[in-house]
Amino acid sequence: MKGPRVIFLIFFVIFVGILCQGLYNIHPFGEPRVSAMDDYFINNAQSERAANNVVTSIVFDYRGFDTLGEAAVLFTAVMSVAALFRKEE
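Numbers given to residues run from 1 along each chain, matching the order in which its sequence is written. pLDDT decides what is reported in this predicted model: residues at 70 or higher carry local features, side-chain atom pairs at 80 or more are listed and counted, and totals for whole chains, interfaces and linings draw on all residues regardless. Only hydrogens and water are set aside; all other atoms, that is, all heavy atoms of the structure, feed into the side-chain values.

(A) Focus on the overall build of the chain. A count of helical and extended segments in the chain gives four helices and zero strands. The helix and strand labels rest on DSSP assignments: H or I over at least four residues marks a helix, E over at least two residues marks a strand, and numbering proceeds from the N terminus. Order of helices (α) and strands (β) in the chain, N terminus to C terminus: α-α-α-α. Since a compact globule built from 89 residues should have a radius of gyration of about 12 Å, the 24 Å found for the chain marks it as more spread out than a globular shape. Overall, the chain is about 65 × 60 × 15 Å in size when its C-alpha atoms are taken along their principal axes. Within the span of the chain, comprising 89 residues, buried residues form 4% of the whole. We take the radius of gyration over the C-alpha atoms and set the globule estimate at 2.2 Å times the residue count to the 0.38 power. In this scheme, a residue with accessible area under 20% of its type's maximum is buried, one over 50% is exposed, and one in between is partly exposed, where area comes from a 1.4 Å probe on protein chains only.

Next up, the structure:
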């Protein structure tokens, strides 16, 4: 009975160590590590995409295909649930 407890304790200590290391190295909230891309979007969104809202220009213009893929996955999930709950005649 002593063996499994020792193994659990070792894994627990390793897990807590990794967790503490991650918390120690985390950057402050609201301060990105690299802001070059953020600055690019803020400075060029209106002139390149003719959108007053930077978030809208990123979601629909810069990442349009990604948004289209997310919409397709959501549509597939909704249609699957609808097919599961349809009434048999």
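(B) Up close: the packing of helix α2 (residues 36-49) against helix α3 (residues 54-62). Where α2 meets α3, the axes come as close as 9 Å, and the angle between the chain directions of the two elements is 70 degrees. Of the possible angle classes, the one that applies to α2 and α3 is roughly perpendicular. Handedness of the α2/α3 crossing: left-handed. Taken together, the residues of α3 that come into contact with α2 (itself represented by Tyr 40, Phe 41, Ile 42, Asn 44, Ala 45, Glu 48 and Arg 49) are Val 54, Ser 57, Ile 58, Asp 61 and Tyr 62. Only the contacting stretch of a helix is used when fitting its axis, a line to C-alpha atoms as for every element, and angles between N-to-C directions run 0 to 180 degrees. Throughout, the term roughly parallel applies to angles under 35 degrees, roughly antiparallel to angles over 145, roughly perpendicular to angles from 65 to 115, and oblique to all others. By convention, the crossing between two helices is left-handed when the near helix turns anticlockwise from the far helix through less than a right angle, and right-handed when the turn is clockwise. Working rule for contacts: check all heavy atoms of both residues, and any pair within 4.5 Å makes them a contact.

(C) How the structure looks around the UniProt feature "transmembrane region" (unreviewed entry) in the chain. UniProt positions are given in the numbering used here, feature names are shortened, and annotations may be inferred rather than shown by experiment. UniProt tags residues 7-27 and 67-85 as "transmembrane region" (unreviewed entry). Taken as a whole, residues 7-27 contains 90% helix and 0% strand, while its terminal C-alpha atoms sit 33 Å from one another. As annotated, residues 67-85 has a helix share of 95% and a strand share of 0%, and its two end C-alpha atoms lie 27 Å apart.

(D) Structural detail: the UniProt feature "domain: MrpA C-terminal/MbhE" (unreviewed entry) in the chain. Under the present numbering, the feature "domain: MrpA C-terminal/MbhE" (unreviewed entry) in UniProt falls on residues 31-87. Structurally, residues 31-87 is divided into 77% helix and 0% strand, and its ends, taken at the C-alpha atoms, are 52 Å apart.

(E) The packing of aromatic side chains, seen in detail. Geometry of aromatic contacts follows a simple scheme: Phe, Tyr and Trp rings, the Trp one being its six-membered ring, pair when their centres are within 6.5 Å, and the pair is stacked under 30 degrees between planes, edge-to-face over 60, tilted otherwise. For the structure on display, the rule yields three aromatic pairs. For the pair Phe 41 and Tyr 62, a centre-to-centre distance of 4.7 Å together with 50 degrees between the ring planes defines the contact as tilted. Of this pair, Phe 41 sits in helix α2 while Tyr 62 sits in helix α3; the two residues are 21 residues apart in sequence, bridging distant segments of the chain. By relative accessible area, which is 15% here, Phe 41 ends up buried.

(F) How the structure looks around the environment of Gly 3. Structurally, the position occupied by Gly 3 is in helix α1 (residues 2-25). Take Gly 3: its relative accessible area is 39%, and that puts it in the partly exposed class. With 78 residues separating them along the chain, Gly 3 and Val 81 place their C-alpha atoms 47 Å apart.

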